[in-house]
Amino acid sequence: MTGAPASAAGGSPGAKGATGAPGASGAPGGGKPARGGKLGAAAVDQASLWNIANILTMIRLVLVPGFVALMLADGGYDPAMRAWAWAAFAVAMITDIFDGHLARAYNLVTDFGKIADPIADKAIMGAALVCLSALDDLPWWVTFVILGRELGVTLLRFVVIRYGVIPASRGGKLKTLAQGTAVGMYILPLTGALASLRFWVMGVALVLTVVTGLDYVRQAIVLRRRGIAERRAAAAEAER
């Protein structure tokens, strides 16, 4: 029995050496991991998927088809259904704020979250924009500009990821807030002054969308040039 005291193993030095010596299974500094260690680690990794941050992301993904159904119910012009659609959209936007914060604050970042979170963000925003344009509440060119920017920035991140990560900027966060507010106002069946106000809010969101998109392109170019220069310097140093 590994790890048993010498007295329990008969008190002989040989028994002690066989059971408690460094290098035995499960002992500190041993060259061989404890039996079942890989299964235990896999179980921990699997359990970590079911943390509060990932659950919020999953909720946001589930809300997308429900939101679309509410938006298009009764031809898309039922005020009650549009109000419920707005509620679903608002919940999705709120969970977007909290899941990222919780993941970073409590070290709940997982590979699933890294992939699912941006997909969930773009799915709910894309669904809202497409539904609004399909119902003639929002021009298609607005939808194309916003979705084109989001997809372009995502692809840009993947292209330059070998050189580093482009961090989220304050402008990007402000853009997300403006987009969410503007789209939410278009989802609601507003009239009068509020209907006019949402036009200007969407205008601000579009400006931030384009400006922050161009800034991401600038950051990507700088990051790529810096990464190439560092690699060349490292290769030159290795040749010396």
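Calculation criteria
- Residues numbered from 1 in each chain as written.
- Predicted model: local features only at pLDDT ≥ 70, side-chain atom pairs only at ≥ 80, totals over all residues.
- Heavy atoms only, no water.
- Phe/Tyr/Trp six-rings, centres within 6.5 Å; stacked < 30°, edge-to-face > 60°.
- Helix = DSSP H or I, 4+ residues; strand = E, 2+ residues; numbered from the N terminus.
- Salt bridge = Lys/Arg side-chain N within 4 Å of Asp/Glu carboxyl O.
- Buried < 20%, exposed > 50% of the residue type's maximum accessible area, 1.4 Å probe, protein only.
- Patch = residues over 30% accessible without salt bridge, like charges linked within 9 Å, V, L, I, M, F, W, Y side chains within 5 Å.
- Areas by Shrake-Rupley, 256 points an atom, 1.4 Å probe, with all protein chains shown as cover.
- Lys, Arg positive; Asp, Glu negative; His and termini not counted.
- Charge placed at Lys NZ, Arg CZ, Asp CG, Glu CD.

Caption draft 1: Up close: the packing of aromatic side chains. For the structure shown, the criterion picks out 3 aromatic pairs. Each ring, one from phenylalanine 67 and one from phenylalanine 89, has its centre 6.0 Å from the other, and the planes form 40°; the classification is tilted. Of the two residues, phenylalanine 67 is situated in helix α3 (residues 52-72) and phenylalanine 89 in helix α4 (residues 79-105); the sequence distance between them amounts to 22 residues.

Caption draft 2: Spotlight on the pattern of salt bridges. Under the counting rule described, the total for this entry stands at 5 salt bridges. The residue aspartate 121 makes a salt bridge to arginine 60 at a minimum N-O spacing of 2.7 Å. Here aspartate 121 is found in helix α5 (residues 111-134), whereas its partner arginine 60 is found in helix α3, with 61 residues between them in sequence. Relative accessible area serves as the criterion here: at 0%, arginine 60 is assigned to the buried category. With its nearest N and O atoms 3.2 Å apart, the salt bridge here joins arginine 149 to glutamate 150. A single burial state applies to arginine 149 and to glutamate 150, both of which are buried.

Caption draft 3: Quick look at a positive patch on the surface. Taken together, the side chains of Arg162, Arg224, Arg225, Arg231 and Arg232 define a basic patch exposed on the protein surface. Mapped onto the fold, arginine 231 is located in helix α8 (residues 193-239). Classification of arginine 231 by relative accessible area gives partly exposed; the value is 47%.

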